[in-house]
Amino acid sequence: MNKNNNYVADAPSSLRPHPSSLPEDLRILLWDIDGTLVRSRRHGVFKDYTTPVLMRVFGTAGRLHELPVSGMTDLQIVAEALRDEGFTAEQIRVRAPELLPLYLEELERLTGREEVYCALPGVRRALEATERSTRYLNSLLTGNVEPAARLKLRLVGLDEFFRLPGAFGEDSHDRRDLPALACERISRHLGLSLKPEQLVVIGDTPNDIACAKHYGARAVAVATGKTYAAEDLLPHEPDALLRDLTDTELFLRTLERL
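Residues numbered from 1 in each chain as written. Predicted model: local features only at pLDDT ≥ 70, side-chain atom pairs only at ≥ 80, totals over all residues. Heavy atoms only, no water.

Describe the pattern of salt bridges, with residues and values.
Summed over the entire model, instances satisfying the criterion amount to 24 salt bridges. Between arginine 135 and aspartate 25 there is a salt bridge, with its nearest N and O atoms 2.6 Å apart. Separated by 110 residues along the polypeptide, arginine 135 in the loop between α5 (123–132) and β5 (136–140) and aspartate 25 in the loop between β1 (7–9) and β2 (27–31) bring together distant segments of the chain. The residue arginine 176 makes a salt bridge to aspartate 174 at a minimum N-O spacing of 2.8 Å. What you see here is one network of salt bridges that share partners, running through Arg56, Glu105, Glu106 and Arg109. (Salt bridge = Lys/Arg side-chain N within 4 Å of Asp/Glu carboxyl O. Helix = DSSP H or I, 4+ residues; strand = E, 2+ residues; numbered from the N terminus.)

Below is the structure:
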């Protein structure tokens, strides 16, 4: 066991990096946003900008105010919020194109009034380090709809690191679908046939771990979210678990084992 206090659990010792010159050595890092890259400065921000969106499109926000939303995709949240209001998951999916610009509009309105988000400690250094390596490419796998995801990253100055396609909250009600979508899009973009084990999902909730395992990708859990401590994440058996991303060298050593 590594004595560094940020380190909690490691990948199996049987996993060894390939020579960096080989295509199969490429690792796509699929980053969650909220609780992993970015943190809101106060509670309730998501519901503050989502409630008016649902009111405008569906005439009600349903039970949104009482939902625990951590780790869910935005489509899943809307479906759960409106479950008792007569709207089916398919009806919500059909109206996703209508929802997307409204999410952006309401989030821009909110963030124009106050400084809502900040980058989590160590994140920029971690992204800079992976950018310098030929082994890693950064992308996004997030429950946020894409316009909101991109805006949050711009607000904290991290958008420059995410130029590849990814998978987002409007893509599915089930987060487990997102790694396959991300892999297909990135493979097509790069002209490669990526394998599931070349994807590394980095996130702060059990749902992040579960979606990686469902697809056969690797999972690095970080205990930087507001809902789950390291002790809560460990039973879900990620390939590695870090308390945070402040130790860049530890983060890179962790990735090298995957």
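I'd like a description of the nonpolar core, backed by residues and values.
Counting residues in each nonpolar core, the largest one holds 59 residues, and the members touching the most others are Trp31 and Leu37. Those residues in contact with leucine 37 that lie beyond four places of it in its chain are Trp31, Asp32, Cys118, Ala119, Leu120, Val123, Leu127, Leu140, Leu153, Leu158 and Phe162. (Core = buried A, V, L, I, M, F, W, Y, C linked by side-chain atoms within 4.5 Å. Buried < 20%, exposed > 50% of the residue type's maximum accessible area, 1.4 Å probe, protein only. Contact = heavy atoms within 4.5 Å.)

An account of the pairing of β5 is needed here, citing residue identities and associated values.
Residues in a regular strand project their side chains so that they alternate between the two faces of the sheet. Among the five residues in β5, four count as buried, and that is most of the element. Judged from the five bridges that link them, β2 and β5 form a sheet pairing that is parallel. Across the sheet, arginine 27 pairs through a bridge with tyrosine 136, a residue of β5. (Pairing = 2+ DSSP bridges.)

So what about the packing of aromatic side chains? Which residues, and what values?
Under the counting rule described, the total for this entry stands at four aromatic pairs. Seen from their ring centres, tryptophan 31 and phenylalanine 251 are 5.8 Å apart, and the 50° between their planes marks the pair as tilted. Of this pair, tryptophan 31 sits in strand β2 while phenylalanine 251 sits in helix α10 (residues 248–256); the two residues are 220 residues apart in sequence, bridging distant segments of the chain. The pair tryptophan 31 / phenylalanine 251 is uniform in exposure class, with both members buried. Ring geometry for phenylalanine 58 versus phenylalanine 87: centroids 4.9 Å apart, planes at 70°, classification edge-to-face. Of this pair, phenylalanine 58 sits in helix α1 (residues 45–58) while phenylalanine 87 sits in the loop between α2 (74–81) and α3 (89–94), placing them 29 residues apart in sequence. (Phe/Tyr/Trp six-rings, centres within 6.5 Å; stacked < 30°, edge-to-face > 60°.)

Could you give an account of the packing of helix α4 (residues 96–113) against helix α6 (residues 146–155), naming the residues involved and the relevant values?
At a closest axis distance of 8 Å, the pairing of α4 and α6 adopts a crossing angle of 25°. With respect to each other, α4 and α6 are oriented roughly parallel. Of the residues in α6, those touching α4 at Leu100, Leu104, Leu107, Glu108 and Thr111 are Pro147, Ala148, Leu151, Lys152 and Leu155. Its residues assigned to classes, the contact of α4 with α6 comprises seven nonpolar, one polar and two charged. (Axes fitted to C-alpha atoms, helices over the stretch in contact; angles between N-to-C directions. Parallel < 35°, antiparallel > 145°, perpendicular 65-115°, else oblique. Nonpolar A, V, L, I, M, F, W, Y, C, P; charged D, E, K, R; others polar.)

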